[in-house]
Amino acid sequence: MTATTTAPLAATPARTVRQPSARLRAWATRAPLLPALVFMIVVTQLPFVATLVISFFDWNALYPKARHFTGLDNYREVLTDADLRHSVWTTVLLTAGVVLASLVLGLVLALLLDRRFRGRGIVRTLLIAPFLVVPVAAALLWKHVLYNPEYGLFNGLLHYVGGPQPDWVSRTPLLAVEASLVWQWTPFMMLILLAGLQSRDQQQIEAARVDGASDWQIFRHLTLPHLRRYLELGALLGSIYIVQNFDAVFTITSGGLGTANLPYTVYQSFYQAHENGLASAAGVLVVIGSIVIATFALRVVSSLFREEVSRA
């Protein structure tokens, strides 16, 4: 027999797998968000930059060749003009009144819905419904179905009991606008405060009851301090919207009878007076005010998240 020897196989070198760098992985995770980011910049930021540029010009659309750079003159006119200052004051009154009233009513409804009773789910759904109505449709509902002096529901009820038949919009114009906005924004406040009520420490409340605390004492010393952040969040988010509200003022009063707020004044300056520069300056001030309020709102939200994480 002849011994056969097999030559040893040459060892194949191990392949080195190159791992992607951290920067490449970061771009891979962010790439799906780029289309949304580009869309947001094109739709929101570029028009705002254009508005900011136009606000420094004396620019009337009827005389496009007469436009010229004026610096901060448009902003000075917005802050010193009597009509514009009145619109700013109207915006403050409208925002404060709607936010405070909707917060109080939302708190009352949240306290009622926090209790267990038959049909609670149906009641919650019905109470949330006003917030889901389109703002223009809600304003039209209040103007024609409720406020109309001839066939409105309010005057119909007053006629049934022999009461007067007032013209609600002409007699109390600002209150008429505020009532429609309160009706629409109370469910939003109710949802925020109801979430705050359901995040309370139930053991602490039971211990207070065992110690003989009344419902009012529990609400004053335990529930209300716990809801402080939620009240702040509701007030800030509501203020962001009400400051920019246009639908209710335009639909119910058309800006008349002293109800023209700053967004409606911007509309008048741009579409009726064709003062592009002045309207742009007023719009920039509205955006700056909204950004300031939104900054506080984001801080409140982040503090709520930190509290929930620390509690968990």
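Residues numbered from 1 in each chain as written. Predicted model: local features only at pLDDT ≥ 70, side-chain atom pairs only at ≥ 80, totals over all residues. Heavy atoms only, no water.

A. Spotlight on the packing of aromatic side chains. Tallied over the entire structure, the rule returns 19 aromatic pairs. Ring plane angle 70 degrees and centroid distance 5.3 Å describe the contact between F131 and W185, whose orientation is recorded as edge-to-face. Note that F131 is positioned in helix 5 (residues 120-132) and W185 in helix 9 (residues 173-198), a separation of 54 residues in sequence. Assessed through its relative accessible area of 10%, W185 is described here as buried. Ring centres 5.1 Å apart and planes at 80 degrees place the aromatic pair W185 and F188 in the edge-to-face group. Here W185 and its partner F188 are both found in helix 9, three residues apart, which amounts to about one turn of the helix. There is no split in this pair, since W185 and F188 are both buried. Ring pairs connect the aromatic residues W142, Y147, F154, W168 and W183, which therefore count as one cluster. (Phe/Tyr/Trp six-rings, centres within 6.5 Å; stacked < 30°, edge-to-face > 60°. Helix = DSSP H or I, 4+ residues; strand = E, 2+ residues; numbered from the N terminus. Buried < 20%, exposed > 50% of the residue type's maximum accessible area, 1.4 Å probe, protein only.)

B. Focus on the layout of surface pockets. Taken as a whole, the largest pocket encloses approximately 510 Å³ of empty space. Lining of the largest pocket is provided by 19 residues; of these, L111, D114, R115, R200 and R209 occupy positions nearest its centre. Looking at side-chain class alone, the lining of the largest pocket contains seven nonpolar, three polar and nine charged residues. Computed from the structure, the second largest pocket encloses a volume of approximately 420 Å³. Forming the boundary of the second largest pocket are 18 residues, of which V266, G283, V284, V286 and V287 lie nearest the centre. If you tally residues by element for the lining of the second largest pocket, the top one is helix 15 (residues 276-311), at nine residues. Class assignment of the residues belonging to the lining of the second largest pocket gives a composition of 13 nonpolar, five polar and no charged. (1 Å grid on protein atoms, 1.4 Å probe; cavity = no way out; pocket = protein on both sides within 12 Å on 5 of 7 lines; lining within 4 Å. Points joined across faces, edges and corners; volume = space filled by probe spheres on them. Nonpolar A, V, L, I, M, F, W, Y, C, P; charged D, E, K, R; others polar.)

C. Examining the nonpolar core more closely. Judged by nonpolar contacts, the single largest core of 51 residues is most densely connected at V78, L94, V98, A110, V177, L181 and I242. If you list the elements that add at least two residues to this core, you get helix 3 (73-80), helix 4 (82-113), helix 6 (135-146), helix 9, helix 12 (228-243), helix 13 (247-253), helix 14 (262-272) and helix 15. A total of 12 residues in this core trace back to one element, the largest contributor, which is helix 9. (Core = buried A, V, L, I, M, F, W, Y, C linked by side-chain atoms within 4.5 Å.)

D. Structural view of the UniProt feature "transmembrane region" (unreviewed entry) in the protein chain. Those residues carrying the UniProt feature "transmembrane region" (unreviewed entry) are residues 33-57, 88-113, 125-142, 174-197, 230-257 and 277-301 in this numbering. Secondary structure across residues 125-142 comprises 89% helix and 0% strand; the distance between its end C-alpha atoms is 21 Å. (UniProt positions renumbered as here; feature names shortened; annotations may be inferred.)

E. Summary view of the UniProt feature "domain: ABC transmembrane type-1" (unreviewed entry) in the protein chain. Residues annotated in UniProt with the feature "domain: ABC transmembrane type-1" (unreviewed entry) correspond here to residues 88-297. Within the segment residues 88-297, helix and strand shares are 79% and 0% respectively, and the terminal C-alpha atoms sit 21 Å apart.

F. Here's a closer look at empty space enclosed by the protein. Inspection of every chain in the model, using the stated rule, returns one cavity of 30 Å³ or more. Of the volumes computed, that of the largest cavity is approximately 40 Å³. Lining of the largest cavity is provided by P135, A138, A139, S180, L181, Q184, N245, D247 and A248. Those elements giving two or more residues to the lining of the largest cavity turn out to be helix 6, helix 9 and helix 13. Of the residues contributing to the lining of the largest cavity, the split by class is five nonpolar, three polar and one charged.

G. Spotlight on the pattern of salt bridges. Tallied over the entire structure, the rule returns five salt bridges. Note that R209 and D215 form a salt bridge whose closest N and O atoms lie 2.9 Å from each other. Of the charged contacts, one joins E232 and R229 as a salt bridge, the two residues approaching to 3.8 Å between their closest N and O atoms. Of this pair, E232 and R229 both sit in helix 12, three residues apart, roughly one helical turn. The class for E232 is partly exposed, based on a relative accessible area of 27%. Since its relative accessible area comes to 23%, R229 is described here as partly exposed. (Salt bridge = Lys/Arg side-chain N within 4 Å of Asp/Glu carboxyl O.)

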